[in-house]
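Breakdown of the fold
Okay, here's what each chain looks like letter by letter:
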Amino acid sequence: MTKETKKRKSTKKSAAKSAANPEDILKYYKDMLLIRRFEEKAGQLYGMGLIQGFCHLYIGQEAVVVGMQAAANNEVDTVITSYRDHGHMLASDMDPKGVMAELTGRSGGYSKGKGGSMHMFSREKNFFGGHGIVGAQVPIGTGLGFAHKYKEDGGVCMAYFGDGASNQGQVFESFNMAALWKLPVVYVIENNRYGMGTSVSRASAVKELYSRGAAFGIPGDSVDGMDVLAVKEAGEKALEHARSGKGPYILGMQTYRYRGHSMSDPAKYRSREEVSKVRSERDPIDRARQYVLDAKATDEDGLKQIDGDVKAIVSDAADFSQQSPEPELSELYTDILIEA
Amino acid sequence: MSNQVLMPALSPTMTEGTLAKWLKSEGDTVQSGDVLAEIETDKATMELEAVDEGVLGKIIVAEGTEGVAVNTPIAIISEEGEDVSAVEVSAPAPAPKAEAAAEPEPVATQPVAPSAAPITEDAYTGQTVTLTVREALRDAMAEEMRSDENIFLMGEEVAEYQGAYKISQGLLEEFGGRRVIDTPITEHGFTGLGVGAAFGGLRPIVEFMTFNFAMQAMDHLINSAAKTLYMSGGQMGCPIVFRGANGAAAGVAAQHSQCYASWYAHVPGLKVVSPYSGEDAKGLLKSAIRDPNPVIFLENEILYGQSFEVPDDSDFTVPIGKAKIEREGTDVTIISYSIMVGLALEAAEALASEGISAEVINLRSIRPLDIDTIVTSIKKTNRVVSVEEGWPVAGIGSEIAAITMEHAFDYLDAPVRRVCGEDVPMPYAKNLEAAVLPNLDKVVTAAKAVCYR
């Protein structure tokens, strides 16, 4: 390991002392809790047969996207991610009803029921999907960065992908172009330790994924992705770098998914103990909860109130997702082409 | 012993060029490797090096001469002291046969008047200008880029090199490096980047040096560009043009000689167009750039240097989805696209000399196909021949045959005939390559067969 990467790695230890104000901390907690409860509900609806196909839950990784969104300028910055996308949509302030109704394949879903769990978008919220092919969102996100630069709108694209996708050739092609043209892109590698059932050590020659940009001169930091304030702090630094015209930045988020790769994953590739150890020692929501209490942002009663509010939001979304009608058959032949 | 210096071919498809400048004079001693002259084509300028040692005994073709055919003797290099004044210059060797693979020999029959007057463009009656397809494509991009700041061109060698096939000549100079962008050799990456830029509100033109290399980017063409509008319930329009050379080139073998029309035609969410003439090239490319959808624009390398009359009007466009009847006829409909339209027109001429009146349809758009024009023609002629360079299996001809059965079965007097590229990877050898591609004889034979002649 070079001196430089050692130095970068040391930012990991500086964890999360960026003085976020109590109100903000409360918001991060609430946003993370919403994702967790939403995903639990989605898992439940899947079990009831109301959601079909692939459904990839974000439980365990909530701090990553909430911390990054806390660092971003949501007016101009754009977000793109893979198929494990529900959390990113909620953190982008998309309506939980529209997201859940898309999961159930209803007309009230963000894609009118034509995209499903893996393919949802909101131009209004600068959320560009929701992409089902591992790694494909990385060059597309690089193109969003290209558009930011071309239009000089001051925006940065946050392109999220997993440890699995980080081995795709197109990711390196994107790194090269982004560095060559100094595009405003922050590559957020959500290293949840398994690409489907294959651990990082079995798939990647070098495990320090944040250093994957070294060949292109792209700086990278390893970040505790289970700590929302650490993520926010790293995100602010990376976004500032990209926004100021210095080109792309890579953040290697050390995170963990509690559930299987998708709903049909029996998760034989890891032990129950491994999962419960992370849950009990590193859970991002427990940590955020502690931040809330430490900052005296609210008390136990206040937290209970938040829990209740979040449950109500998720419950409304679940109701909506079952009441919203299925798309009309006439929708079959719409949205294939735009009328010229 | 003297050696003739022949006009060289600088590219697989070059047939003639300009002898721009002699760098040696008669009487000069030359070493192997010395630069003798500069040769120019519409694409490039290249240096001609001596391969023999001796004295430049005689310059046969003066500098500044245009249209010098490949293999024409242009000078004689003799041994020291040899008198070359009496050396007889042999007749020019024939142009490379490779070209004949794509551009068949002219018809050997006596010229006859066409059986019907060619159709002129119904919409356009203004001035025209003679342009190569290459210039027409460049003009289309330049005109559109002048009118919309969000249009940019990216691809390998499009900027400083002026285009691998010189399609983007002058664009860097006019629009600058922000809008005319050389990419690394990274098709998968820059195709995805282009799609992202289109999602981000820009209107990219992505050049593939040839569509053979677009296979590296197939996932983004299909999964990202074509499908995202649908998957987003109509939110994510992708206004982007993917253009470049498609189809058989000459002498470059299987990986560089293939028609992809049927591959892309298969995909809902794409528009696929393939111009034949300069008018098609300019009018269709302008429509493609203005279109809010992803458009696959299949050009043809051998057509780049061919000249056509092109409407001299920056408002002129050719609508996507509309075929053109290039020649009217009554006995058989020959349906084709891209360079094969030229072959179909030659075949129609040959058939006319045998009393068969062929109607030639230039599809222009592969997706959507202009079913109305096809069906209307078949109802008139009752006979159909399709002509394409691509493979027969699940090809455009197969689609035409299916459409014919679905829409005009009762009007058919003979089964549809397909003239296609042979069902093999493109071979390198000239004779084998020529045997793969459709030619005049194959088209005429097919047309006569459906006419039971």
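Here the structure is a predicted model, which means the values were calculated and not measured.

Let us look at the overall build of chain A. The helix and strand inventory of chain A stands at twelve helices and eight strands. A buried classification covers 55% of the 340 residues belonging to chain A.

Along chain B, the regular secondary structure elements total 13 helices and 22 strands. At 24 Å, chain B has a C-alpha radius of gyration in line with the 22 Å of a compact globule built from 453 residues. Dimensions of chain B, computed from C-alpha atoms along their principal axes, come out at roughly 80 × 60 × 45 Å. Expressed as a percentage of the 453 residues in chain B, the buried residues total 54%. Looking at chain B alone, contacts between residues at least 24 apart form 76% of all its contacts between residues at least 6 apart.

Taken together, the contact between chain B and chain A spans 33 residues of the former and 34 residues of the latter. Broken down by secondary-structure element, the contributors of at least two residues to the side of chain B that touches chain A are helix 4 (187-199), helix 5 (218-226) and helix 6 (228-231) of chain B. Here the side of chain B that touches chain A gets ten residues from one element, more than from any other, and that element is helix 4 of chain B. Along the lines of polarity and charge, the residues of the side of chain B that touches chain A split into 13 nonpolar, 18 polar and two charged.

For a regular strand, side-chain orientation follows a simple rule: the groups alternate between the two sheet faces. Residue and element names in this part refer to chain B. Bridge count for strand 1 (residues 3-6) against strand 8 (residues 73-78) is four bridges, and the pairing is antiparallel. Note that in strand 8 the partner of Val5 across the bridge is Ala75. As judged from the four bridges shared by strand 6 (residues 54-59) and strand 8, these two strands associate in the antiparallel manner. Within strand 8, the residue paired with Leu56 across the bridge is Ile77.

Below, the discussion takes up helix 3 (residues 62-71) of chain A. Counting along an α-helix, one turn takes 3.6 residues, and residues three or four places apart therefore face a common direction. Of all ten residues that make up helix 3 of chain A, ten are buried, and the element is covered over most of its length. Along helix 3 of chain A, the positions that sit buried rather than exposed are A:Glu62, A:Ala63, A:Val64, A:Val65, A:Val66, A:Gly67, A:Met68, A:Gln69, A:Ala70 and A:Ala71.

On to the environment of A:Gly116, then. Residues and elements named next belong to chain A. Tracing the sequence through the fold places Gly116 in the loop between helix 5 (96-103) and strand 2 (127-130). Counting along the chain gives eleven residues from Gly116 to Gly105, while the straight-line C-alpha distance between them is 6.2 Å. Those residues in contact with Gly116 that lie beyond four places of it in its chain are Gly53, Glu102 and Gly105.

Turning next to the packing of helix 2 (residues 22-47) of chain A against helix 12 (residues 300-323) of chain A. Each pair of packed helices can be summarised by the angle the axes make with each other and by the distance between the axes. Residue and element names in this part refer to chain A. At a closest axis distance of 9 Å, the pairing of helix 2 and helix 12 adopts a crossing angle of 40°. Taken together, the axes of helix 2 and helix 12 lie oblique to each other. In this structure, helix 2 crosses over helix 12, and the sense of that crossing is right-handed. On helix 12, the residues touching Lys30, Leu33, Leu34, Arg37, Phe38, Lys41 and Leu45 of helix 2 are Ile306, Asp307, Val310, Lys311, Ile313, Val314, Ala317 and Ala318.

As a further point, take the nonpolar core. As a rule of thumb, nonpolar side chains are buried together in soluble globular proteins. Counting 208 residues, the largest nonpolar core has B:Ile334 and B:Ala447 as its most contacted members. Of all the elements, helix 2 of chain A adds the most residues to this core, at eleven residues. Looking at which domains feed residues into this core, each of domain 2 (128-311) and domain 3 (322-450) of chain B gives three or more. Ignoring anything within four residues of it in the chain, the contact list for B:Ala447 reads B:Val332, B:Ile334, B:Ala347, B:Leu351, B:Ile356, B:Ala358 and B:Val385. If you look at the next biggest cluster of nonpolar residues, it comprises 19 residues, including B:Trp22, B:Ile39, B:Leu48 and B:Ile76.

Turning our eyes to something else, we now look at the packing of helix 6 (residues 137-151) of chain A against helix 7 (residues 169-180) of chain A. All names here are of chain A. Close contact between helix 6 and helix 7 brings their axes to 8 Å; oriented N to C, the two are set at 20°. One way to sum up the angle between helix 6 and helix 7 is to call them roughly parallel. In the crossing of helix 6 with helix 7, the sense of the turn from one axis to the other is left-handed. Residues Val138, Pro139, Thr142 and Gly145 of helix 6 touch helix 7, and the partners they reach there are Gln170, Val171, Glu173, Ser174, Met177 and Ala178. Of the residues contributing to the contact of helix 6 with helix 7, the split by class is five nonpolar, four polar and one charged.

Domain annotation for chain B reports domain 1 (3-81), domain 2 (128-311) and domain 3 (322-450). Averaged C-alpha coordinates put domain 1 of chain B and domain 3 of chain B at centres separated by 42 Å.

Another point: the sheet that holds strand 3 (residues 29-30) of chain B. Strand order in the open sheet formed by four strands is 1-8-6-3 (chain B), and the pairing between neighbours is antiparallel. Either end of the sheet is taken by a strand with one partner, and the two such strands are strand 1 and strand 3 of chain B.

All right, on to the environment of A:Gly220 then. Within the element layout of this structure, A:Gly220 appears in strand 7 (residues 220-224). Sequence separation between A:Gly220 and A:Leu209 is eleven residues; the distance between their C-alpha atoms is 8.7 Å.

Another aspect to go through is helix 8 (residues 278-290) of chain B. In this model helix 8 of chain B runs 18 Å from its N-terminal to its C-terminal C-alpha over 13 residues, within 8% of the 18 Å that 1.5 Å per residue would give. The element helix 8 of chain B is extensively covered by neighbouring structure, given that twelve of its 13 residues are classed as buried.

This brings us to the confidence of the model for chain A. Residue-level pLDDT values for chain A average 93, and 94% of them are 70 or greater. In the predicted structure, residues 1-16 of chain A sits below a pLDDT of 50 and forms 19 contacts with residues beyond four places in sequence or in another chain.

Quick look at the sheet that holds strand 4 (residues 35-40) of chain B now. All names here are of chain B. Read across the sheet, four strands follow the order 5-4-2-7 without closing on themselves; strand pairing throughout is antiparallel. In this open sheet, the two edge strands, each paired with only one partner strand, are strand 5 (45-49) and strand 7 (65-69). Across the sheet, the mean angle separating the axes of adjacent strands is 40° when strand polarity is ignored. With four bridges connecting them, strand 2 (residues 16-22) and strand 4 associate as antiparallel partners. Across the sheet, residue Thr18 finds its bridge partner in strand 4, namely Glu40.

All names here are of chain B. In the predicted model, chain B carries a mean pLDDT of 91, and the fraction of residues at 70 or more is 91%. Long-range and interchain partners of residues 92-120, a stretch whose pLDDT sits below 50, account for 60 contacts in this model, where long-range means more than four residues apart. Two numbers describe this predicted complex: its pTM, 0.88, and its ipTM, 0.93.

This part takes up unusual backbone geometry. The step from B:Arg367 to B:Pro368 runs through a cis peptide bond, and the omega angle for that step is 0°. Counting through the fold element by element, B:Pro368 comes out in the loop between strand 20 (365-367) and helix 10 (371-381).

Each value, and the rule that gives it
- Residues numbered from 1 in each chain as written.
- Chains lettered and ligands numbered in written order.
- Predicted model: local features only at pLDDT ≥ 70, side-chain atom pairs only at ≥ 80, totals over all residues.
- Helix = DSSP H or I, 4+ residues; strand = E, 2+ residues; numbered from the N terminus.
- Buried ≥ 20, exposed ≤ 12 C-beta atoms within 10 Å, placed from the backbone.
- Rg over C-alpha atoms; globule rule 2.2 N^0.38 Å.
- Contact = placed C-beta atoms within 7 Å.
- Nonpolar A, V, L, I, M, F, W, Y, C, P; charged D, E, K, R; others polar.
- Pairing = 2+ DSSP bridges.
- Axes fitted to C-alpha atoms, helices over the stretch in contact; angles between N-to-C directions.
- Parallel < 35°, antiparallel > 145°, perpendicular 65-115°, else oblique.
- Left-handed = near helix turned anticlockwise from the far one by under 90°.
- Core = buried A, V, L, I, M, F, W, Y, C linked by C-beta atoms within 7 Å.
- Domains from an automatic or database assignment.
- Expected span 1.5 Å × (residues − 1).
- pLDDT = per-residue confidence, 0-100.

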